[in-house]
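Residue strings, one per chain:
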Amino acid sequence: MATQIKHDYPAKSIQLRRLLESPGLEFIIEAHNGISARIAEEAGFKGIWGSGLAMSAQFGVRDSNEASWTQVVDMLEFMSDVTHIPILLDGDTGYGNFNNMRRLVKKLEQREVAGVCIEDKQFPKVNSFIQGERQPLADIDEFCGKIKAGKDSQEDPDFCIIARIEALIAGWGLTEALKRADAYHQAGADGILIHSKLSKPDEILAFAAEWAGRLPLIIVPTTYYSTPVQVFEKAGISLVIWANHMIRAAVAAMEKASKEIFEKHSVMDLEDRIAPVKQIFSLQGAEELTRAQERYLHAGRPETHAIVLAASRGNALHELTHDRPKVMLSISGKTLLRRLLDEFKKQSINQTTVVGGYRHEAIDTGGINLRINNEYENTGELTSLLCAEQDFHEDMIITYGDLLFRSYILNDLLDVEGDIVIVVDSDRDTGPVSGKPDFVFCSLPDDRSLFRQDVYLKHMSEEVSNKLGEPSGRWIGILRIRGNGLKQLKQGLTELKARDDFSSLTLPGLFNHLVDKKIPIKVHYIHGHWLDVNSLQDIERAGDFTKT
Ligand code: SPV
Ligand code: MG
């Protein structure tokens, strides 16, 4: 999108000036909001007409200055932000006197609007096609003062002020139109828009012939649209404005679509005839945001995948897991699995494999790969892990499915150096109250220093007392693998698979095996802020946890 990427486009004011001054006939088209402005640019137009009629119409109000000028300017900001081509604003009468005009120019320049066209009518104006002949024209001197005030207040020398003459619309004839054009030229206008509501271009062509190129001429062939554009080119017109065709196209399409949906109670027939949602994303610049997220949100981090072990029922949860595995338990209205996926998303982990077993058909497969451990009743975690082997990734986290944790825990884990890193809670008074803790014996206790200590796993056990002394904490059920870690993990699994007791082995068993092989397992200490859900009591605590 224009706001995020710096391109080498000439200033929009210069672009508009070039359109006006180019020897051939140029075309700009109306747009009335951000998306229509982008569509106009993508269609190939070199400029946009910020039509008063179309903008008021998209607001659902009349083209009679019912939308305030600041509302118009706000909309222009959206349009300008998402495009690289110049916008010429249809500034009606300048929304007041010379002073309002000065402020308008200032605000337009701030939004990189390339120019403004003002018409010699009186505020509040009415669209020229609504009884145009009855509309009073502005006093010539007063209008010249407005042009001068605008020109004097612009800071960018290329900002254009176009004077629009309504004399033909109001029935004052060619002489009056020429007289006014001449006065506006003297006042400093950069171009003349000569408007007509006839179905033939006769009066426009007569005007152009008499005008003889003193300033660039702009026309709006809404009513004399059947005239081939070569006629305008021959007459020396500089710029044609297709003034309302985007809003009219949109209205026709929306009316048709809404009517059809209402009548059929279905979108089936319509679906292929309307823009796909992807196209809307594209017009919104979604891709740029995805690239920016990769660049800035987790700068320098490689893509991480996740494996969630979720084969177990959670027997201690009794009836609650009668028809679903533990991961599908809802905590404060959101399942444990969804909560995990949301945490992953926050860290840009978008590839998740869930290994299901018990009641795996109840697992919501939206946004995940589901692998099944059919032997879940007679096997342990390592068997489940192997079920996801095809999804192993060089950078991945592996976690139990019943884990709840504060976002910073995963965020920090992803920043810790080390090929295999486990998260250990060194605080004995926090965390879950039930289940079998995995006590961790480490090379160093947690000294809670702000500087990260290099701490390694020595042993993991369900027993609190051990020849290694006091445990340093509990493993919370999550680890990260990267670098050499994947090779070491795979090799360890292969070795353990050869053992008779493989089917009963757990992740702590794998860690101990790797430690025995002198493979370093780094410890990342935390202090609380996590839970796993093993019992009814945990569910209650989990509810509180998610609310705080
Ligand atoms: C507009 O597009 O709002 C115009 C052109 O002012 S016209 O509707 O022809 O007056
Ligand atoms: Mg208008």
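Residues numbered from 1 in each chain as written. Chains lettered and ligands numbered in written order. Predicted model: local features only at pLDDT ≥ 70, side-chain atom pairs only at ≥ 80, totals over all residues. Heavy atoms only, no water.

The step from phenylalanine 123 to proline 124 runs through a cis peptide bond, and the omega angle for that step is -5°. Positive phi, normally seen in glycine, also occurs at histidine 265, with a value near 55°. Its identity as a non-glycine residue notwithstanding, histidine 529 has a phi of 70°, on the positive side. Along the polypeptide, histidine 529 turns up in the loop between strand 20 (522–526) and strand 21 (530–532). (Helix = DSSP H or I, 4+ residues; strand = E, 2+ residues; numbered from the N terminus.)

Contacts to ligand 1 come from Trp49, Ser51, Gly52, Leu53, Asp90, Asn127, Ser128, Phe129, Arg164, His195, Val220 and Ala243. At a separation of 3.0 Å, an oxygen atom of ligand 1 approaches a polar side-chain atom of asparagine 127. Here arginine 164 contributes a side-chain N or O atom positioned 2.7 Å from an oxygen atom of ligand 1. Alone, ligand 1 offers 280 Å² of accessible surface; in the complex the protein occludes 100% of this. (Near = heavy atom within 4 Å. Polar contact = N/O pair within 3.5 Å; in protein donor to acceptor, adjacent residues only side chain to side chain. Areas by Shrake-Rupley, 256 points an atom, 1.4 Å probe, with all protein chains shown as cover.)

Glancing now at the domain arrangement of the protein. Interface extent is often summarised as the accessible area lost during association of the parts. For the protein, the assigned domains read domain 1 (12–252), domain 2 (266–300) and domain 3 (301–547). Look at where the C-alpha atoms of domain 1 and domain 2 centre, and you get two points 33 Å apart. (Domains from an automatic or database assignment.)

This part is about the environment of arginine 541. Relative to the assigned elements, arginine 541 resides in helix 18 (residues 536–547). Classification of arginine 541 as partly exposed rests on a relative accessible area of 29%. In this structure the C-alpha to C-alpha distance between arginine 541 and leucine 531, which are 10 residues apart in sequence, comes to 8.2 Å. (Buried < 20%, exposed > 50% of the residue type's maximum accessible area, 1.4 Å probe, protein only.)

One pass over the structure, following the stated rule, counts 35 salt bridges. In this structure, the salt-bridge partner of glutamate 119 is arginine 164, at a minimum N-O distance of 3.3 Å. Here the residue glutamate 119 occupies a position in strand 4 (residues 115–119), and arginine 164 occupies one in strand 5 (residues 160–165), the gap between them amounting to 45 residues. Here the two residues glutamate 119 and arginine 164 agree in accessibility, since each one is buried. A salt bridge links aspartate 427 to arginine 448; the nearest nitrogen and oxygen atoms lie 3.8 Å apart. Of the two residues, aspartate 427 sits in the loop between strand 16 (420–425) and strand 17 (438–442) while arginine 448 sits in the loop between strand 17 and strand 18 (457–461), which places them 21 residues apart along the sequence. Taken together, the shared-partner salt bridges connect Asp63, Asp92, Glu119, Lys121, Lys125, Arg164 and Glu166 into one network. (Salt bridge = Lys/Arg side-chain N within 4 Å of Asp/Glu carboxyl O.)

Moving on, we come to the packing of helix 3 (residues 52–59) against helix 4 (residues 69–81). At a minimum axis separation of 11 Å, helix 3 and helix 4 run at an interaxial angle of 95°. What the angle tells us is that helix 3 and helix 4 run roughly perpendicular. Facing Met55, Gln58 and Phe59 of helix 3, the residues of helix 4 in contact are Gln71, Val72, Met75 and Leu76. Of the residues that constitute the contact of helix 3 with helix 4, the class distribution is 5 nonpolar, 2 polar and no charged. (Axes fitted to C-alpha atoms, helices over the stretch in contact; angles between N-to-C directions. Parallel < 35°, antiparallel > 145°, perpendicular 65-115°, else oblique. Contact = heavy atoms within 4.5 Å. Nonpolar A, V, L, I, M, F, W, Y, C, P; charged D, E, K, R; others polar.)

Across the protein, the average pLDDT comes to 92, with 96% of residues at or above 70. pLDDT under 50 marks residues 1–6. Its contacts with residues more than four places away, or in other chains, come to 15 contacts. (pLDDT = per-residue confidence, 0-100.)

The next subject is the nonpolar core. Counting residues in each nonpolar core, the largest one holds 56 residues, and the members touching the most others are Leu89, Tyr184, Ile192 and Phe207. Non-local contacts of phenylalanine 207, meaning those with residues more than four positions away in its chain, are made with Ile165, Leu174, Ala177, Leu178, Ala181, Ile192, Ile194 and Leu217. Membership of the second largest hydrophobic core comes to 37 residues, among which are Leu382, Ile398, Leu489 and Leu514. (Core = buried A, V, L, I, M, F, W, Y, C linked by side-chain atoms within 4.5 Å.)

Another aspect to go through is the sheet that holds strand 1 (residues 26–31). Here 8 strands make up a closed barrel; going around it, the order is 1-2-3-4-5-6-7-8 and the pairing parallel. Across the sheet, the mean angle separating the axes of adjacent strands is 30° when strand polarity is ignored. With 3 bridges connecting them, strand 3 (residues 87–90) and strand 4 associate as parallel partners. Across the sheet, the residue bridging to leucine 89 is valine 116, located in strand 4. On the sheet, helix 5 (residues 98–110) packs against strand 3, strand 4 and strand 5 and is oriented at approximately 155° with respect to strand 4. (Pairing = 2+ DSSP bridges.)

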